[in-house]
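# Breakdown of the fold
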Amino acid sequence: MMSHGTKFLALVLSVCGMFSARLCAQGPATAATPPMGWNSWNHFRNKVDDATIRAQADAMVSSGMRDAGYIYVNIDDTWEGERDAQGIIQANSKFPDMKALADYVHSKGLKLGIYSSPGAKTCAKFEGSLGHEEQDAKTYAAWGIDYLKYDLCGLREQMKAAPSPEAAHQIMVDAYIKMRDALRSTGRPIVYSLCQYGNDAVWRWGTDVGGNLWRTTGDISDKYASMSQIGFSQAGLARFAGPGHWNDPDMLEVGNGGMNTEEYRTHMSLWAILAAPLLAGNDLTTMTPETVALLTNREVIAIDQDKTGEQGDRLWAEGPIEIWVRRLADGSKALGVFNRHPSVMTTVIDFSKLGFSGPVRARDVWQAKDLGGISAPYPVSIPGHGVILLRVK
Ligand code: GLA
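Residues numbered from 1 in each chain as written. Predicted model: local features only at pLDDT ≥ 70, side-chain atom pairs only at ≥ 80, totals over all residues. Heavy atoms only, no water.

Because side chains alternate across strand 1 (residues 36–39), one face comprises the buried residues Met36 and Trp38, and the other comprises Gly37 and Asn39, equally buried. The pairing of strand 1 with strand 10 (residues 278–280) spans three bridges and is parallel. Note on strand 10: the bridge partner recorded for Trp38 is Ala280. Relative to strand 2 (residues 72–74), strand 1 runs parallel, the two sharing three bridges. (Buried < 20%, exposed > 50% of the residue type's maximum accessible area, 1.4 Å probe, protein only. Helix = DSSP H or I, 4+ residues; strand = E, 2+ residues; numbered from the N terminus. Pairing = 2+ DSSP bridges.)

Structural data, given as structure tokens:
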């Protein structure tokens with residue numbers, strides 16, 4: 001039997017087939033499951049160039065990440081150069097030939113992403129797309145770009161000058177619609193990623209402006225305080241996400257060194273339950289085996305990419321202990337039992353209070369261990385800042 005998510009996707013795909021590619025360039029078929037890949041910002045900031053991107057693409061393949069589902073190689077801010085006499089955007093000297101770079105990334109079975117702003121300037125004060133939306137979308141399509149992160153930044157100048165908050169909101173919405181239409185008229189499927197930090201409850205209107213995903217918060221940093229504040233504040237957003245339109249609590253920090261293994265496990269587990277995009281943000285060329293294992297755990301990725309596309313939510317809390325649950329296509333549920341306290345905590349999982357009736361069968365995902373049948377409240381001990389991730393039927 002097809003799930004609701006699968007039926008919806010099948011319907012959209014058949015409608016896309018009936019009409020031109022234009023209608024579906026940013027439709028659900030473009031991001032049927034949360035996008036997976038890598039982005040340059042968290043690790044490289046402005047120190048990203050052609051050679052870096054090629055090396056990350058190579059490592060995405062050789063590390064096994066591509067085969068685990070990571071596909072997008074996304075260049076973030078600081079690639080932009082000047083516009084030519086016709087107003088066509090050029091990459092700066094760090095990226096001598098963007099088309100050749102896209103060809104290289106594509107030859108590896110991967111896709112290439114890029115970054116711009118609806119404002120005159122990006123966050124790092126490089127050239128934005130204001131007044132050049134159609135030209136830029138055409139340029140991206142001609143280069144072979146598959147993903148655009150569109151970051152509000154510079155447009156806040158125009159918004160500040162607006163006579164009312166409503167007018168400011170409209171400027172932002174119109175700007176996102178403008179680039180949506182520009183991308184659609186290229187006919188190339190380009191994932192459209194909105195980045196405006198969750199302002200004006202973007203989850204309520206992100207789909208209407210064509211977003212395949214939208215950032216729900218400010219920038220993540222490689223610290224437990226930042227990651228957990230962002231991740232655990234996603235409660236209640238589940239109903240706004242689904243195939244083709246995802247909440248984005250920001251990119252991964254796994255492997256960047258600022259958190260310990262338990263904390264990175266919390267990061268991966270929570271993002272999977274949240275049906276969040278999994279965009280690695282570390283240097284893929286220097287990963288420890290432990291980092292590779294964290295990023296490529298097949299069972300965790302299967303939860304994130306589950307085809308129902310239903311985001312999970314918090315079902316239970318006891319001080320620092322929180323249980324988040326996500327329904328999965330095979331009728332089972334992913335259950336994250338998180339400990340936000342820095343030291344170990346014990347608790348008892350009462351499955352009857354979490355939507356299960358009668359005995360359950362559980363598997364500990366990170367331990368890759370079947371726990372067998374459980375018919376009574378189940379005592380667990382959770383490491384500080386850690387998680388026990390279960391798949392329960
Ligand atoms: C903003 C975004 C970040 C990154 C930088 C680049 O801060 O939220 O994710 O793209 O801009 O300048």
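For helix 9 (residues 165–186), built from 22 residues, the straight-helix expectation of 32 Å at 1.5 Å per residue is met to within 8% by its first-to-last C-alpha distance of 32 Å. Where helix 9 is concerned, the buried positions are Ala168, Met172, Val173, Ala175, Tyr176, Met179, Arg180, Ala182 and Leu183. Elements that come into contact with the buried residues of helix 9 comprise helix 7 (133–143), strand 6 (147–151), helix 8 (156–160) and strand 7 (191–195). Two residues or fewer past helix 9, Gly187 is found with a positive phi of approximately 80°. (Expected span 1.5 Å × (residues − 1). Contact = heavy atoms within 4.5 Å.)

A word on the site of the ligand. Neighbouring the ligand are Trp41, Asp76, Asp77, Tyr115, Cys123, Ala124, Lys149, Asp151, Cys195, Tyr197, Arg215 and Asp219. Interatomic distance of 2.8 Å between a side-chain N/O atom of Lys149 and an oxygen atom of the ligand. The contact in question runs from an oxygen atom of the ligand to an N or O atom on the side chain of Arg215, over 3.2 Å. Contact with the protein chains hides 92% of the accessible area of the ligand, taken as 310 Å² for the molecule alone. In terms of residue class, the shell around the ligand is made up of six nonpolar, no polar and six charged. (Near = heavy atom within 4 Å. Polar contact = N/O pair within 3.5 Å; in protein donor to acceptor, adjacent residues only side chain to side chain. Areas by Shrake-Rupley, 256 points an atom, 1.4 Å probe, with all protein chains shown as cover. Nonpolar A, V, L, I, M, F, W, Y, C, P; charged D, E, K, R; others polar.)

Moving on to the sheet that holds strand 12 (residues 321–327). Pairing is antiparallel in the open sheet, where six strands are placed in the order 11-12-13-18-15-16. Each edge of the open sheet is held by one strand with a lone partner, namely strand 11 (313–318) and strand 16 (369–374). Along the sheet, successive strands turn relative to each other by an average axial angle of 25°, direction set aside. The pairing of strand 15 (residues 360–364) with strand 18 (residues 387–392) spans three bridges and is antiparallel. (Axes fitted to C-alpha atoms, helices over the stretch in contact; angles between N-to-C directions.)

Between two packed helices, the angle of one axis relative to the other and the distance separating the axes together describe the packing. Across the interface, helix 10 (residues 224–232) lies against helix 11 (residues 261–273) with an axial gap of 10 Å and an inter-helix angle of 20°. By the criterion of interaxial angle, the relationship of helix 10 to helix 11 is roughly parallel. Crossing of helix 10 over helix 11 shows left-handed handedness. In contact with Tyr224, Met227, Ile230, Gly231 and Phe232 of helix 10, helix 11 contributes Glu263, Thr266, His267, Leu270 and Trp271. Here the residues of the contact of helix 10 with helix 11 are counted per class, giving six nonpolar, three polar and one charged. (Parallel < 35°, antiparallel > 145°, perpendicular 65-115°, else oblique. Left-handed = near helix turned anticlockwise from the far one by under 90°.)

Let's shift gears to the packing of aromatic side chains. The geometry of an aromatic ring pair comes down to the distance between the two centres and the angle between the two planes. Summed over all chains, the structure comprises eleven aromatic pairs. With a centroid separation of 5.3 Å and an interplanar angle of 80°, the aromatic rings of Phe232 and Phe338 are classed as edge-to-face. Of the two residues, Phe232 sits in helix 10 while Phe338 sits in strand 13 (residues 333–339), which places them 106 residues apart along the sequence. Here Phe338 falls in the buried class, since its relative accessible area comes to 0%. Taken together, Trp79, Tyr140 and Trp143 form an aromatic cluster joined through their ring pairs. Over the aromatic face of Tyr104 sits the side chain of Arg54, whose NZ or CZ is 4.8 Å from the ring centroid. Above the face of the Phe356 ring, Lys333 is positioned so that its terminal group lies 4.8 Å from the ring centre. (Phe/Tyr/Trp six-rings, centres within 6.5 Å; stacked < 30°, edge-to-face > 60°. Lys NZ or Arg CZ within 6 Å of the ring centre and 35° of its normal.)

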